[in-house]
Amino acid sequence: MIMNKNQEIMKQIQGGLIVSCQALESEPLHSSYIMGRMAYAAMEGGASGIRANSVADIQEIKRTVDLPIIGIIKQDYEDCEVYITPTMKEVDALVECGTDIIAMDATNRLHPGNESIDVFFKQVREKYPEQLFMADCSTIEEGMHAAEIGFDFIGTTMSGYTAYTKGTQLPNYDMMRTLVEKSGKPVIAEGGIWCGEELAEAMATGAFAAVVGTAITRPREITKRFMDKLNRSRTNLGFKNSGKYAGDNDGPAYVVYSKIGYNKASYEFHLSQANINMSRKSDGRWTNSYIFLGIDVYDEKGEFLNCIDAGFCYAGGSKDWHLFYNLLQTKDKDVFTWYESPVSLDPTHDYKLILDCSKQDDRATLTIIDLTDGERVADTAEFEVMGAKADGSNVSLYQDYAIDFPDDIKKTRAGEASESDWEEITLYNTDEDIYLQNITIRNATLYLGETAYEWTKDRTNDEFMWPSVSCPKVDYACTKIVKQSAHSELVLTLDMNRR
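Described in the following lines is the structure provided in the data block. Since we're looking at a predicted model, the values are computed, not measured.

Another point: the overall build of the protein chain. Counting secondary structure elements, the protein chain contains eleven helices and 24 strands. With the C-alpha coordinates aligned to their principal axes, the bounding extent of the protein chain is approximately 100 × 50 × 45 Å. Taking contacts inside the protein chain between residues at least 6 apart in sequence as the whole, the part at least 24 apart equals 65%. Looking at the protein chain, you have 50 positive and 78 negative side-chain charges, and the mean spots of the two groups are 3 Å apart.

This is the structure we're talking about:
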C-alpha cells in the first residue's frame, strides 16, 4: 500500500514543476495562510508539487491543495552549518504531519552532534524505511554518495550555497546532467532557475522534475532583481550606446543630445549639492571636471561640421569652479579656442547656465546666473560658433557631464604613457579617491526664439555614456544615473572608486 502511494507521488511530479512556497520569519509574506494561498495559485498555474518549510506551512498547504509536498524544516543549531532538516527531531515532525517527500541537507558538512550524513541518514532510513527522502546536495560527488546510501531523489539544491561551491554559476546544468547519467536515481533540478528558458534547459538534462522558488514566490527578491537590472542599465555596466555619436569618450561622462532645430538651452546646476574630489590620493596629481552645454553644427547635407563646449569647469589644480569654453573650429585663426575665466564661482551656491546662439549667425553667448545671490549674472562670455545658424536649423544642443584626464595621468595600469586607451587610463586612475557625486540638474530647457520647451525625451535625439557595455575592462559603475525625469531633471554621479 505504501509502495503504491510512493509510486503515485513519483508519477505526479515526474516531468513537472515543483514550486517552492517558503517565507522566513524575517520576510514580509511569513504566514502559513499566505503560503497556502501561494500554493493554491501555483497549483492553478500548473505546478505538479510544492516544496514547503515548517509543519505549520505544510499542514496549511495540505488543507489547500492536493499536490505532493517536499517538506523541510529549517532549523539553526549552534556551531553547525547544516540547517535543512538537520536532526531526527525535524524528521519526526515531518513524518508526523504527513509529508510526502522529506528533503534534508546531504552535503559533506556535519550535522548536529558531529554526525556525518552517512551516520545520520542510516538512522533515519532504519526508522522510516518506507518514507521518500530527497538529498539536497552541492556537488556531483555528494549527489553520487547520496544515491549510494539510499536516498530516493537527488537534488542540486545546495550548489552554490556551501562555502566550497560559492560562486558556482547557476543553474548548475553540468551537475544535473552528470547526476542523471551516473547516479541511477531521479534527479530534481533546483537552484538558480529564474526563467522559463532555464527551466526548459534544466529539464532537458534529463531531470526527473524541477523546483523553482524565488523566481515565483518571493516578490521582495523578484522586485529587487528587477530593480538591480534597471539600476545596472543606468550605469556604464548596463548602458548601450546607439552608435549615432562618438560622444564624450575620454573619461567617465554622460551626454544628452537634442534634436536639430533649437537655438538656445539652459539648466540649473545645483552646485551646492555636489561632492567633489579631483586630487589623486597616491600622488596628489589632479583631474578636471566639466558640467556644460554644447553645440553641434551640421552642414546642408546633415554632416557634422563643428562643435563647441561651454559651461562650468572644475580645475583640479586650483580647486575652483569657473566658466570655460572650448571651440573646435573657428574662421578667425587668431581666436583662442580654449578659455577659462579668472572669476571663481562659490561652491555653496546654485547656478543657471544659459547657452544662446539665437542672436547672430556664427556667434553664441554663455551666461552663468547665480541663483543663490539674487539671480545676478556671475559671469558671461561671447565666442564664435563657426557655421551655426541663428535660427537653429542646423544646430543640435547637448548636455555634457564629464571627468577628463590631464596628460600627466594618461597612463595604463602598467604605468606606460597612453594617449587614447581610455579604459586603461580610467583604470590607472581608479581607486584614487576621484569623484564628482550628486551632480544635480534641474529645469533643463530648450528654446526656439522666445518659446521655451522642457527638455523631454521626444526632443532628444540620443544619449551617450562612457564607459558603456562595450568597455568591458571597466568592471565597476563609475558613471551612474541616480535619478532622471525626462531629460530635464537629473542626478548623476561620476565616481572612479570601487565602493
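The description of two packed helices rests on the angle between their axes and on the distance between the axes. Between helix H4 (residues 88–96) and helix H5 (residues 117–127), the shortest axis-to-axis distance is 11 Å and the interhelical angle comes to 30°. Regarding the angle of H4 to H5, the classification is roughly parallel. The two elements H4 and H5 cross, and the hand of that crossing is right-handed. On H5, the residues touching Met88, Val91 and Asp92 of H4 are Phe120, Gln123, Val124 and Lys127. Tallied by class, the residues present in the contact of H4 with H5 amount to four nonpolar, one polar and two charged.

Let us now look at the pattern of salt bridges. Counted by the stated rule, this structure contains 25 salt bridges. In this structure, aspartate 92 engages lysine 127 in a salt bridge whose closest nitrogen and oxygen atoms are separated by 3.0 Å. Taken as a pair, aspartate 92 in helix H4 and lysine 127 in helix H5 lie far apart in primary sequence, 35 residues in all. Assessed through its relative accessible area of 24%, aspartate 92 is described here as partly exposed. Taken together, the salt bridges that share partners define one network made up of Glu27, Arg218, Arg220 and Glu221.

Moving on, we come to the side chain of glutamine 22. Its location among the elements puts glutamine 22 in the loop between strand E1 (17–21) and helix H2 (32–45). Among the polar contacts made by the side chain of glutamine 22, one reaches the side chain of serine 20 at a distance of 2.8 Å. Separated by 3.1 Å, the side chains of glutamine 22 and lysine 74 make a polar contact. In contact with glutamine 22, other than residues within four places in its own chain, are Met35, Arg51, Ala52, Asn53, Ile72, Lys74 and Arg218.

With seven of eight residues buried, strand E14 (residues 320–327) is to be regarded as a mostly interior element. Note: strand E13 (residues 304–315) against E14, eight bridges, orientation antiparallel. Residue pairing across strands places phenylalanine 312 opposite leucine 323, the latter belonging to E14. Two successive antiparallel strands, E13 and E14, enclose a turn made up of four residues, where lysine 319 displays a positive phi of approximately 55°. Pairing between E14 and strand E15 (residues 338–340): three bridges, direction antiparallel. Bridging across to E15, phenylalanine 324 finds its partner in glutamate 340.

Rules behind the numbers
Residues numbered from 1 in each chain as written. Predicted model: local features only at pLDDT ≥ 70, side-chain atom pairs only at ≥ 80, totals over all residues. Heavy atoms only, no water. Helix = DSSP H or I, 4+ residues; strand = E, 2+ residues; numbered from the N terminus. Contact = heavy atoms within 4.5 Å. Lys, Arg positive; Asp, Glu negative; His and termini not counted. Charge placed at Lys NZ, Arg CZ, Asp CG, Glu CD. Axes fitted to C-alpha atoms, helices over the stretch in contact; angles between N-to-C directions. Parallel < 35°, antiparallel > 145°, perpendicular 65-115°, else oblique. Left-handed = near helix turned anticlockwise from the far one by under 90°. Nonpolar A, V, L, I, M, F, W, Y, C, P; charged D, E, K, R; others polar. Salt bridge = Lys/Arg side-chain N within 4 Å of Asp/Glu carboxyl O. Buried < 20%, exposed > 50% of the residue type's maximum accessible area, 1.4 Å probe, protein only. Polar contact = N/O pair within 3.5 Å; in protein donor to acceptor, adjacent residues only side chain to side chain. Pairing = 2+ DSSP bridges.

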